[in-house]
Structure formats: structure tokens, C-alpha cells
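Descriptive analysis of the structure
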Amino acid sequence: MQQVLSRVFRARPGEWGAVVLLQLLVFLIICALLIIKPTASALFLSEYGAVGLPYMFLATAVLAAIVSTGYAAALRRYSLLRVSVISLVVCLLVLLGCASFIRLPLARPTVAAVLYLWTALFGVLAASQFWMMASFVFDVRQAKRLFGLIGAGAIAGGITGGYLTTLLAREIGTRNLILLAAALLVPCLVLTAVIWRRYVARKQSVVARKKKVSAAYEAPHRLILESKHLLLLCGIVALSVTAAKLVDYQFSVLAAERYGDQDRLAAFFGFWYSTFNIVALVIQLVLTHRVVQGLGVSGALLFLPIGLGIGAIVMLFVPGLNAATLSRSVDGSLKQSLSRASVEMLFLPLDEDTKKKVKTYIDVFVDSLAGGLGGILLIALTQVLGISAPAISWCVLLLVVGWLISVVLIREEYIEAFRAQLSHLKPKEHRNRLKSHHRKVMASFLQVLEEGQMSTHEKQLLYVLERADDLADDTFHEPVRKLLTHPSASVRSRALRSLYLQPGAELLEEVIPLLNDPELQVRAAAYDYLFSRPEAVGREVLEPLLASEDIATAGAALVSLASETAHNEYARRAWKVDKRLRRRIRQLAELPTDARSAWYLHLLKAAGRSNTATGRAFIQRCLLREEEHILRYAVLAAGESLHEELIVPLLHLIVEPRLRPLVINALVQYQGGLLTTIPGLIRSGELSLGEVRRLPSVLEKIDRQQTVELLLSLLERHFPHDLPLRMEVLRALNALRRDFPRLGVSPKWVYRNIVAEARVYDSQQQQLSVQYTLLHVAQSDEELTYRESYTGLLRQRMSGTFNRLFRLLGLRYPPADIIPVHLALQSDQVATQVSGIEFLDNLLELSLKRLIIPLLDRRQRQLAEQDRTFPSPDDNMAKLRRQEFKSLRRTLRGRDTALKVAALRLISTLGDPQYLPLLAHYAAAGDASRKVRLVAGQALEQLRASLAPAEVV
């Protein structure tokens, strides 16, 4: 029975106790209210007439200001439970006082006014307290499912209270109706205490309570003014209440004109208030959840203003009580169902402390203040301007327009509220390097350079020198030149390289002494500078450097020569770079180990920069060596060479973890050449699957649309079923979108793959749910072991699918939104998970929302229940076994070998003859892998052996 109710009303096991108690509490509150409301309305109209209604609206606003101020002060000192109980007791005493004095003719006008005020304040205060407590009991995801169901209790109370008033008004009289309402408040006190202690107090830790007590008090109106979300929420509440007051005035005036007798008027109001609630109950049970889930909170909020707008138009064209009843029915049915649940949802993103401070303030003060505004409007319209009741609909239409605008605006603020809750999970933004030719920037750079001549602020100077290279300005020459004598070797070498890049900076006299600098990096920068100006320097200065016995000098000079002649064929022949390289390479075998290692470094650098066949051949040979230090230098040289012959050797090295970062950087430098070469290598089979899986980490750094097309081809054409490669490709696509936003991935491709991954995840969830249950009814230790193994592997596959799904979502929606949601769902904090799901619920388009959000809700339940023991009833075991058979058969039809093997081993322990044909098929399947056939054969033999005794019996 509970499963049927859960399927119909969406309440889950463990939630029904709180739901039923809350339903009963709100039923009693609204039932008492609806007994008093028609009675108070009829009594007030009979004593003061419709002309007194606007003044009562104003009086309600003044009284609400006093009550809300006192209520806020009480909440600062006492718990919500104590304040709620005291307020209910005060309301009960007021009713008893009215019942005592109503017999006195002289007291009837006062009792009429007091009852009317009591109705207005009790309706908002008690309801506000109730919904605040309900929001403490349930989180935002539970609230979306259950607030509609809980609200049905309020509507049922309205139906009961209204019809009781209709049936009993003439039979027992006004006084006894008041006493009946007072009697209903007594169990409300008990239920409030029970719900609080059972469901709310357990959630509030001692630390949280201390934090609230010690936190500085901030006035509710200040919190509201600082939040656009709360301002719009107040606007929606105020506009809805003001419009409702005008509609209620039209309804009351036209009803009073037709029904003059107090008892007839009370019966009329009671009948229609109950009828409104019947309609509201149908809406609450049938539509509220579906509308909120489908259109979101803001979409659900649109129904009431649109309905009142339609009612106002009808009133203008067909004035009368019927049109007023239509408008009042829209307000009475939608306000207590769809609109009420939606407004309560707007409070859910707030933290508990803020919610306590502002909710009652908004529900009581803002609500009543808006009612007072409605009273002022009615006085101005009816008594000053003399406008008739039907013509008030023009003002209703104006309010509806403002109301609709507020609803549209609050959608983004509602999403932003959840985005703020996840802001600590948002990825850090990478700041771009400073590139500016602004005069102030240049002046600042010059100041740093000039001051740096006498200082040792090495990091600051290096920062400025690096960025000054982009500022082609002669004013930098002199300050940079003076840094050639700086105490820091890094500053000296960087300053020399800056001058080397700037034409017209001829500094031979300053550079030649640097050939004897004690630091190699300074000498190497000097070699680069001198070899870039061979005519000015002269070969008589440069040749001794190349022929030096010192390896560091000769090697660095050779590297500089190779660099400067790489793109100048004439200079390369004149200096005989190819011959010099060959001679040094041949001499390596004759050198001692230390000298040979040192020369390898210089020769590989020179080979990479020389653009010669000799250099490329040397790099290729070194890429096949086993010594790690030589391999590292060879990879760097291959990256500088940029010759396509070196791509394949580099790709073969990408599977080596220690070399991988260097290989990736080297391959990235090939850019378009790499993109053109890879497809042919894959088709020819020159690359292993392991090497292909590492390709996306290279491709993600290449800013070309061809990169995206190549990545997609890896999935669509070459390796469509390889899950590790699929994850790497998606990760690379995410990185491309982050770093190069102009590159695009087909939205249709992304959407199609999101749907496919979501369906796979749904299937895995169902399989895992069955396994979680059967884990607790395993019939042997062997079955338990294999079932745990299969479940663990299935959980790993689900984790992979989950990550791929969010990688795809990051290609369709802003990564700055998707990444925090992904991290939130992996958090250990349930509240963070809930905020992540709700934020995503508001972010996704409708078709994806319907597909993905139920999966995430189910995932959260599985995470909470995986360690909980819940043996399944015997009558469900047959169904579970059928589900397991289908899921294991689906696994065996898939392409995951490891999961197939785990499933086959589990099957071998189940002792179920229905698996025999399945095992026989896979034991002989020619298209299955050798390992699957072997394990299937072993499982078949084991299963037959376990079934043999049973067959004999």
C-alpha cells in the first residue's frame, strides 16, 4: 500500500510520518480560519457595511507592523517553537474573549472588528509559522515533491471549515462557531511541539545553535534591501495581496448587495470559500507538482496573475457577482495551491537564520502592509473618485502587469541564490597576462627598470623585462642596457635577451666581456647575441668559441650558431653547420661518460634548432635510447625541430608517465602538422590504443576547429566503444571550450550524447538498486563475494558515466555553472547536494530536466541507502530475480569485458537453471573474447554441478 501511495503522491519511505503530521496540523489551522473567516466577514459587513472594509485593511496593516516587530524581537530571544506556541495560545485566548463578549449587544461592533482583524493576522501568521517549520523539516528537493501534498491538507481544512460554516451557521449561531474554531487550536499546540521535537530539533546541531545565538542581529528590512531576490519576493507578495484585496472587495460588495441577511451572507461565503478550496485541492493534487517540476518556480508563479488578469477583463465587459465570483475563485483556488507552494519555494535558497528573520516579516508585515495599501486604493477609488466596484478591475490589471514583471525577474535571482550557495566550488578564473601600450603602464615599467639598476628586486625586474618585450619602444633600450651589470645572473641574461630581440641595440663592447661571465646562462645569452651579428663581431672572435676545449663554451656556441643559421641556407653552408654537427656526433663514442652526457645536451639542442637532416637523424636515434636523461633532451629537441618524421617516435613515448608532460609540450608545437598526420597514423594502425588515449591531452592545447573535428572522429569513427578514450575526449573538449571559446562543438551532437549517457546511467542505476537489495539476502559466502565484486565494478562504471554526463553538460551550458554542480553532487554534505540538484533543475531545458533530474534524485537516495540493510519481502524476491536476470543478460550483451567476467562469476553462484542457456551461448560465442569464453565455460560447469543434486532429488 505504501508503494502505491508513494507512486501516486511522490512521498518516499521515511517521509510519510512528517507529511501526515504536517498535513493534520495545517488542516486544523486552516479549518479554524475558514470557520471564522466567513463568520467574521458576514458579522463585519452587517455591522459596518462594505464602506468599512478599506479602513479595516489599513488597521490590519498597522496592527501587523506592531505584531511583526514584536515577533521578530521574540525570535531573537526564543526558539521558533516557543514563539509559535505562545502565538497560538494568544490567538486561542482572543477567540475565547470574542465568544464571551459577543452576547453583549454593545460589544458586537467591537467583536466584529476584532474578529476581522484576527482573521487577517491569524491567516498570515499561523500559515507563515507552519510553512517555516515545514521548510526546516524538508530540504528543497523534498519540498518540490511534498509541499503540494502537504498543502492539500490546508485546502482540505478550508473545504471542511467552509462547509461547516455553511451547514452550522444557522443551527448553532456565531458564538458556537467561534468556540468550535478555538477548540481546533488546542490540538494544533500539541502537533506543533511533536513535529518540532521529532523532525526539526534533531537536525539542528549544538554548534549550529551556538552560531545562531552568537551571530550579530540584523534587522529584516536591512536583509531585504540588500538582496534583490528578497526585494522581488516582497514585490510579488505585496502585489498579489493588493490585487487580492481589490478582488475580495468586489466580491464582498456585490455579494452584500444581493444577500443582505447576516446568516445568508455567512452561508454564501462559507459555501464559496469551500468551493474555492475544492478546486484548489484538485489543482494541488493533480497539477502543482507537475507544473513546478516542468515550468519551474517562476513558471508556476505566472498562473495566478494571469488568471486574475483574465477575471478583471471579464469583470470589465460583463460586470456582476458572477464575474466577481470568477475572479475570487481564481484567487481562492490558485493562491492556496499552486501560488502558495511556489512562493514558499522562493524562501528555500535562504539559510536558516535569514529565513527565520525575514519570512514572518514578509508573511505578516509586508502582507498586511500591502493590504493597507489596498485599503488606501479602495478609499481613493470608491470614496474620493466614486468609482464603481466593477471599474476597480482597471487597477487590478495595472497591478497584474507589475506582478508579472516581478515574476519574470525573480527567475534569474532564484537561480542566482543557488549559484551563490555553490560559489565556493566555482573554478578560479585564469587572469590573462598584462599586454598594454598604455602610457601609464609604460611609465611604470620604466620606473621599475630605472630603480632596478640599484636594487636586487629580481622577480619584479624579470616580470617587467618579460612584458617589456611586447612594447616596441626605444625608451627601454638604455634602462635595460644598464641592467647588464646587475648582481643577479637571471636579470643579466634576461636583459641581454631583451636587447637581442630589439633591433638597433648594438652593444658589442658591453656583451663581449660577458663571454667570461661566471654564470653559464649569461654566457649563453651572450653567444646568441654575438652569433646574431657575425659581420659586426667577426669570425676571428666566434671561431675560437666553437673550437674551445671547454664543453660548456663550445656546446653553447654551437647551439647559438645552429639557432641563428636555421632559416638561412646561405649562412648554414658558410658556417658548415651540418659538418660541425656530424663531427661532434661522431666524437661522442670516444668521450668519457661525463663529457659524453654534457655533449648530448648541447648536440640535441643544436640538432633541434639546426633544421638539418643530420640533426633530425640524430634526434630520431636518441628517441630510441633507454637513458632517461637523453630521452628528455631528445623530446625537447624534437619539439624544437617540428619535423613530421619525429611525430611518430614522440607519440610512442607518450605512454611513458615520466616523459609524458615533455612529450605533450613537444607535440603541441607541431600544431596543424600534427592534426594532419594523426588520422593517417590511426588508419594505418601505427598507434596503439594506449597511445590514442593520450592524444586528447595534446589536442586540447591546439586552438583550431580541426582539433574539435579530430576529437569527435576518435569517438564517432575510430573508437566508438572505448570508454576511457571517450572520457579523455570529453575532457579535452571541455578544456578547448574553456581556453578557446570561439571553437564550437555541434549542439546536436552534444544533446544526442547527453541523452545517450543519461539512459546508460538510468540502466546502471536500476541494476545497482537490484544488487543493493540482493546483497542482504546472499545465500553463500561465495555469492556474497562475487556479488560485492560485481556491485563495486558497476558502481565504478556508474561513476564514469556520471562524469561523462557532466562533461557533456559542460559543453552545452556554462562551465562556471556546471562545474560547481558536479562538485556539489560529489560532496558529503546532503545540503550541498540538494542545492546542486535544485540549481541544475532551474538551469536545464525542459527535455533534459525531465531526463536528468530524476536520475540525480535517485542517485542521492542510493548514496544514502547503500549502507542500509533492508531485506526485501519474500513476495518481491521473484520480481527481483527476474530483474537481475534481465540486467545480467544486458551486461553480457555489452562490450565491457571486465563487467562481463564479474557477471559470469556471479551467475555461477546463483544456482538458477534459467542461466544455463545463457552461459552455454557465451561459452561457445565466436565473437566473445577468449577470457569471456573461458570464464563462461567455468561458470557453466559450476552451475551444472550445483544443480545436479537438486535434479537427482
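It should be emphasised that the depicted structure is a prediction, and the values quoted were computed from it without experimental measurement. Along each chain, numbering runs from 1 in the same order as the chain's sequence is written. With the structure being a predicted model, the display of local features is reserved for residues of pLDDT at least 70 and the display and counting of side-chain atom pairs for 80 or more, all residues being used for whole-chain, interface and lining totals. The side-chain numbers reported here are obtained from all heavy atoms of the structure, hydrogens and water having been left aside.

**A few points about the overall build of the protein**
Helix numbers and strand numbers start at the N terminus; a helix is a DSSP run of H or I with at least 4 residues, a strand a run of E with at least 2. A tally of regular secondary structure across the protein gives 43 helices and zero strands. Restricting to contacts in the protein with at least 6 residues of sequence separation, those with at least 24 account for 76%. Whether two residues touch is decided by their heavy atoms; if any such pair falls within 4.5 Å, the residues are in contact.

**Observations regarding the pattern of salt bridges**
Throughout this description, the term salt bridge denotes a Lys or Arg side-chain nitrogen within 4 Å of a carboxyl oxygen of Asp or Glu. Applying the stated criterion across every chain, the model contains 25 salt bridges. Across the pair Glu-700 and Arg-731 runs a salt bridge, and its minimum N-O distance is 2.7 Å. Here Glu-700 is found in the loop between helix H32 (689-699) and helix H33 (705-718), whereas its partner Arg-731 is found in helix H34 (residues 723-739), with 31 residues between them in sequence. Between Glu-757 and Arg-804 there is a salt bridge, and its shortest N-O distance comes to 3.1 Å. Of the two residues, Glu-757 sits in helix H35 (residues 747-774) while Arg-804 sits in helix H36 (residues 781-812), which places them 47 residues apart along the sequence.

**A closer look at the nonpolar core**
Looking at soluble globular proteins, one finds that nonpolar side chains tend to be buried together. Counting 208 residues, the largest nonpolar core has Ile-362, Leu-733, Leu-840 and Ile-852 as the members making the most contacts within it. With residues near it in sequence (within four places) discarded, Ile-362 still touches Ile-224, Leu-230, Leu-233, Cys-234, Val-237, Phe-347 and Asp-367. The criterion is simple. A nonpolar core is a set of buried Ala, Val, Leu, Ile, Met, Phe, Trp, Tyr and Cys residues joined through side-chain atoms within 4.5 Å. Here's how the labels work: a residue is buried when its accessible area is under 20% of the maximum for its type, exposed when over 50%, partly exposed in between, all with a 1.4 Å probe on protein chains only. Core analysis: the second largest hydrophobic core is formed by 70 residues, Ile-35, Leu-95, Leu-121 and Phe-138 among them.

**Section: the environment of Ala-920**
Note that Ala-920 resides in helix H42 (residues 916-924). Ala-920 sits in the partly exposed class, given a relative accessible area of 32%. In the structure, Ala-920 is positioned 20 residues away from Leu-940 in sequence and 6.6 Å away in space, judged by C-alpha atoms.

**Quick look at the packing of aromatic side chains**
Two rings from Phe, Tyr or Trp (for Trp, the six-membered ring) form a pair when their centres are within 6.5 Å of each other. A pair whose planes differ by under 30 degrees is stacked, one over 60 is edge-to-face, and the rest are tilted. On inspection of all chains with the given rule, the structure shows five aromatic pairs. Judged by centre distance (4.4 Å) and plane angle (10 degrees), the rings of Trp-118 and Phe-122 are stacked. Here the residue Trp-118 and the residue Phe-122 both occupy positions in helix H5 (residues 108-137), the gap between them amounting to four residues, near one helical turn. For Phe-122, a relative accessible area of 2% puts it in the buried group. Aromatic side chains Phe-885 and Tyr-915 sit 5.2 Å apart centroid to centroid with 55 degrees between the ring planes, which places their arrangement in the tilted category. Within this pair, whereas Phe-885 is found in helix H40 (residues 874-893), its partner Tyr-915 is found in the loop between helix H41 (897-907) and H42, the two being separated by 30 residues in sequence. Judged by its relative accessible area of 14%, Phe-885 falls in the buried class. By way of ring pairs, the aromatic residues Tyr-761, Phe-802 and Phe-806 are connected into one cluster. A ring is scored as having a charge over it whenever the NZ atom of a lysine or the CZ atom of an arginine sits within 6 Å of its centre and within 35 degrees of its normal. A cation over an aromatic ring shows up here: Arg-859 above the ring of Phe-802, its NZ or CZ 4.1 Å from the ring centre.

**Topic: the confidence of the model for the protein**
Reading fine detail from the predicted coordinates is not recommended where pLDDT is low. A residue's pLDDT is simply how confident the predictor is in it, with values from 0 to 100. When pLDDT is averaged along the protein, the result is 79, and 85% of the positions lie at 70 or above. Mean pLDDT values over the elements of the protein span from 41, in helix H7 (residues 206-214), up to 92, in H32. A low-confidence stretch, residues 205-216 stays under pLDDT 50, and its non-local contacts, those more than four residues away or across chains, total six contacts. Confidence drops under pLDDT 50 across residues 869-873; counting only partners more than four residues distant or on other chains, this segment forms eight contacts.

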